[in-house]
Protein chains: 2
Amino acid sequence: MAYAFNHRTKNAPCIGELLSAAFPHFDALIVPFGPGQEVTGEGDPTENFFLVMRGLFRGVKFTCDGRRQVFAFYMPGDLCGLEPEGSHKLTIEAVDCAAMAILPRHACRFRMNDDPELNAALFDGATRALALTIDHMMMVGRSSAEERLAWFLTMLAARSASPNARAVDLAMQRQDIADYLGLTIETVSRTFTLFRDRGLVSLPHKRRVLILRPDALARLAAADRDAEPIGPVRSDEDMEAAVA
Amino acid sequence: MAYAFNHRTKNAPCIGELLSAAFPHFDALIVPFGPGQEVTGEGDPTENFFLVMRGLFRGVKFTCDGRRQVFAFYMPGDLCGLEPEGSHKLTIEAVDCAAMAILPRHACRFRMNDDPELNAALFDGATRALALTIDHMMMVGRSSAEERLAWFLTMLAARSASPNARAVDLAMQRQDIADYLGLTIETVSRTFTLFRDRGLVSLPHKRRVLILRPDALARLAAADRDAEPIGPVRSDEDMEAAVA
DNA sequence: CGGAATGTTGAGACTAGTCAACCATAGTGG
DNA sequence: CCACTATGGTTGACTAGTCTCAACATTCCG
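It should be emphasised that the depicted structure is a prediction, and the values quoted were computed from it without experimental measurement.

The rules behind the values
- Residues numbered from 1 in each chain as written.
- Chains lettered and ligands numbered in written order.
- Predicted model: local features only at pLDDT ≥ 70, side-chain atom pairs only at ≥ 80, totals over all residues.
- Heavy atoms only, no water.
- Helix = DSSP H or I, 4+ residues; strand = E, 2+ residues; numbered from the N terminus.
- Buried < 20%, exposed > 50% of the residue type's maximum accessible area, 1.4 Å probe, protein only.
- Contact = heavy atoms within 4.5 Å.
- Areas by Shrake-Rupley, 256 points an atom, 1.4 Å probe, with all protein chains shown as cover.
- Core = buried A, V, L, I, M, F, W, Y, C linked by side-chain atoms within 4.5 Å.
- Least-squares fit on C-alpha atoms with pLDDT ≥ 70 in both.
- Near = heavy atom within 4 Å.
- Polar contact = N/O pair within 3.5 Å; in protein donor to acceptor, adjacent residues only side chain to side chain.
- Nonpolar A, V, L, I, M, F, W, Y, C, P; charged D, E, K, R; others polar.
- Pairing = 2+ DSSP bridges.
- Axes fitted to C-alpha atoms, helices over the stretch in contact; angles between N-to-C directions.

Q: How should I be thinking about the overall build of chain A in this particular structure?
A: Scanning chain A from N- to C-terminus turns up eight helices and 11 strands. The burial tally for chain A puts 56% of its 244 residues in the buried class. Sequence separation of 24 or more characterises 74% of the internal contacts of chain A that already satisfy a separation of 6 or more. Of the roughly 9,800 Å² that chain A leaves accessible, carbon and sulfur atoms contribute 54%.

Written out as structure tokens, the structure reads:
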């Protein structure tokens, strides 16, 4: 199905590098997509893997009666299309102006058998994707709206260019956030307002979030995940100092 | 992290056969577990993969404040422990009297590099596991209590020995079902009663469910998944005839 | 400037959660 | 054999958080 995996481990080359090295004419495989454009739809045959080069994509599933669940957001370096042979269960769409490298599966498999390093990286990627769904599931299944949004913002901040950046730009709209978190847009909106009124964040624009109190946000977010919060966590003292 | 994958494709040997063939002293690796006994805990180093031989296991995640999410149930033939290098994020426990084959990771990896078929089967298994989480997530994020339980029963019936069997034995207790579905035990209990009162199921014992109207149950379950319902679906006429 | 799309806010409804009592079953020990 | 207890499951009354529906505000474009 595909889940993000750009969590590059320090000591290993990231999957993107391995893949681009494995394909001789890699640049020719890169295809641009406009906002909302579909990369792969549910039911399409699973012919390729996809590597995000630029922009943001989403993996979505719809129900017959219009409900929607965003299963994952994919950022540059993430691989998606990791679904079992047959047909896709997930629709992959561009969120904004973005680009994907489209990698034929048979060629990937061929190279995997040749190259243990690539093989391990792909397998590791699939297991990382699964690990991400654990927190996502816990969150969707067992958390309040506040915890969900706090988790989402904390995760986005951790994954953004500089993990210490306190400004998060939301490429996706409220509906995407809502469908990712298993909420409605109204609840997402209300919760943003709540966070703002409490001084946890400020919202200079609708699509830009300034995290004023990362500590408090992380505490809320961590309620569902007893383990370490995502990304580097600083002490409360640091946080207070940073805000001051 | 680990998700079930015993969906054996007709034309390929199942992962269990490949693995047992790959390990010369396979039988010696099989370890029995009693109800509630832990196979692997959160934070433990990821040293092994596990193949269910007998009984039922669950993959669970806890929060600091006691909330619990069951991420998956593992049945014989399922592989689990598929988490990225490092430490487990999921606790794996036996639900009843059960047994696991414990397969050292380094040996698996070694054999994967040697054996493209095993490699493909493991990779395919990981992607299948991811695919299962899509429906699970959709369900937990976007469905009513009725839809969730209907989905659960439909899935169990499809996975049980004979997919046409209308009797489903629940090895797990209500709390496990609730935590798998993101509900409370009270809601699960009430929904069972509701189904019984509507004539969809009968409950000869607390742990045994007779599915009287698989069609109606599948329709409820399929509401979240526009695609084909799990398992063989018969026409309404067949169903009515079978019930009559 | 007007219109469409996106986001926010409010009021009320409703589903599922909480808390508490009760029931069923299976052991256990007198 | 029968209390007695422990565990698991059911039911009821009430609460609360989120959804729904509707109005309104904002932003972005042409």
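Q: In this structure, what is going on with the nonpolar core? I would like to understand it.
A: Soluble globular proteins tend to pack their nonpolar side chains together in the buried interior. Core analysis: the largest hydrophobic core is formed by 99 residues, its most contacted members being Phe 57 and Phe 152 of chain A together with Phe 57 and Phe 152 of chain B. With 40 residues, the next largest nonpolar core counts Ala 22 of chain A together with Phe 23, Leu 79 and Ala 121 of chain B among its residues.

Q: Just checking my understanding: could you explain the relation of the copies chain A and chain B for this structure?
A: In this structure, two copies of a chain are linked by a rotation about an axis accompanied by a shift along it. With an RMSD of 0.0 Å, chain A superimposes on chain B once it is rotated by 180° and translated 0.0 Å along the axis. Within this description, the copies of the chain are treated as partners about a two-fold rotation axis. The fraction of interface residues of chain A whose copies in chain B are also interface residues reaches 100%, indicating that both copies meet through the same surface.

Q: Teacher, can you tell me more about the protein's contact with DNA strand C here?
A: Of all residues adjacent to DNA strand C, which total 16 residues, the nearest are Arg 190 and Thr 193 of chain A together with Ala 145, Thr 187 and Arg 190 of chain B. Counting only the atoms of DNA strand C that lie within 4 Å of the protein, the sugar and phosphate share comes to 65%. Here Thr 193 of chain A contributes a side-chain N or O atom positioned 2.4 Å from a phosphate oxygen of DNA strand C. Note that a phosphate oxygen of DNA strand C is positioned 3.1 Å from one of the side-chain N or O atoms of Thr 184 of chain B. Counting only elements with at least two residues in the surface near DNA strand C, the list comes to helix H6 (185–197) of chain A together with helix H6 (185–197) of chain B. Here the surface near DNA strand C is built from residues that sort into two nonpolar, seven polar and seven charged.

Q: Explain the sheet that holds strand E10 (residues 201–205) of chain B to me, please; I cannot follow it from the model alone.
A: All names here are of chain B. Spatially, three strands are ordered E9-E11-E10 in an open sheet, and the strand pairing comes out antiparallel. Either end of the sheet is taken by a strand with one partner, and the two such strands are strand E9 (167–169) and E10. On average, adjacent strands in this sheet sit at an angle of 25° to one another, irrespective of strand direction. Sheet topology places E10 next to strand E11 (residues 208–211); three bridges connect them, and they run antiparallel. Looking at E11, one finds that Val 201 is bridged to Ile 211. Where H6 meets the sheet, its contacts fall on E10 and E11, and the angle it forms with E10 comes to roughly 115°.

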